[in-house]
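Single-letter residue listing:
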Amino acid sequence: MKITVIQGPNLNMLGIRERSIYGAITLEALHEGLKKIAEQNGIEVEFHQSNLEGEIVDRIQESYGESDVIILNAAAYTHTSIAIRDAISAVNIPTIEVHISNTARREEFRHTSLISAVCAGIITGFGPFTYHLAMLAAIQICNEIAAQKAAQNSQNA
Ligand code: DQA
């Protein structure tokens, strides 16, 4: 089983960027922690970050047939990108929308997400720990997919 984590624009600036909102941890350190959780659960994980909308669309497309779950912080593109929404629909991979901050408590323009409706679920507002919660959700989805596959195989046997 495999989880793909995709990070949108300016998340490479974690640790520097508006620390009172996004916390002090760097993206690299955050990913190290997530990798450990995945390893402990016997699940493969890969990480991508891009500041470019088209590259995020490419990454989602490349997950098709490769990944079982996507964890996506589309950052500012959450509020604007029909292309990212369409990519999630196209690959039909369960996608968990994450936000470090509680976007509902922030500026009005952050209240709208164009991607929520095509995501499996949304986890938001717990600081960098939001990603840990998303990993737990992603592992749960992986386990459910594995159980479904095992049940199908035993039916076909
Ligand atoms: C964010 C929230 C977005 O509104 C913002 O543009 C980001 C980060 C978050 O993780 O809280 O870049 O997705």
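Just above, that's the structure.
Residues numbered from 1 in each chain as written. Predicted model: local features only at pLDDT ≥ 70, side-chain atom pairs only at ≥ 80, totals over all residues. Heavy atoms only, no water.

Examining helix α5 (residues 129-156)
- Look at α5: 41 Å from first C-alpha to last across 28 residues, which is about the 40 Å you get at 1.5 Å a residue.
- Taken residue by residue, α5 has Thr 130, Tyr 131, Ala 134, Met 135, Ala 138, Ile 139, Ile 141, Cys 142 and Ile 145 as its buried positions.
- The inward-facing, buried residues of α5 abut β1 (2-7), α2 (27-40), β3 (69-73), β4 (95-99) and β5 (121-124). (Helix = DSSP H or I, 4+ residues; strand = E, 2+ residues; numbered from the N terminus. Expected span 1.5 Å × (residues − 1). Buried < 20%, exposed > 50% of the residue type's maximum accessible area, 1.4 Å probe, protein only. Contact = heavy atoms within 4.5 Å.)

Let's talk about the environment of Ile 70
- Note that Ile 70 resides in strand β3.
- Spatially, the C-alpha atom of Ile 70 lies 19 Å from that of Thr 80, the residues being 10 residues apart in sequence.

Some details on helix α3 (residues 53-62)
- Here α3 has its buried residues at Ile 56, Val 57 and Ile 60. The buried residues of α3 occupy an angular sector of 100 degrees when the element is viewed end-on, so they sit on one face.
- Looking at the buried residues of α3, the elements they touch are β1, β3 and α4 (82-91). (Arc of directions from axis to C-beta.)

Quick notes on the sheet that holds β5
- One open sheet holds the 5 strands; their spatial order is β2-β1-β3-β4-β5, and the pairing between them is parallel. Because the sheet does not close on itself, it has two edges, and the strands there are β2 (44-49) and β5. Strand-to-strand, the axes of this sheet are offset by a mean angle of 20 degrees, without reference to chain direction.
- Where β1 lies against β3, 5 bridges are found, and the strand directions are parallel. Looking at the pairing, Ile 3 lines up with Val 69 of β3. (Pairing = 2+ DSSP bridges. Axes fitted to C-alpha atoms, helices over the stretch in contact; angles between N-to-C directions.)

Overview of the nonpolar core
- Judged by nonpolar contacts, the single largest core of 27 residues is most densely connected at Ile 3, Leu 14, Val 69, Ile 71, Ile 96, Tyr 131 and Met 135.
- Going through the elements one at a time, β1, α2, β3, β4 and α5 are the ones with two or more residues in this core.
- With residues near it in sequence (within four places) discarded, Ile 71 still touches Ile 3, Thr 4, Val 5, Ile 6, Ile 96, Val 98, Ala 134, Met 135 and Ala 138. (Core = buried A, V, L, I, M, F, W, Y, C linked by side-chain atoms within 4.5 Å.)

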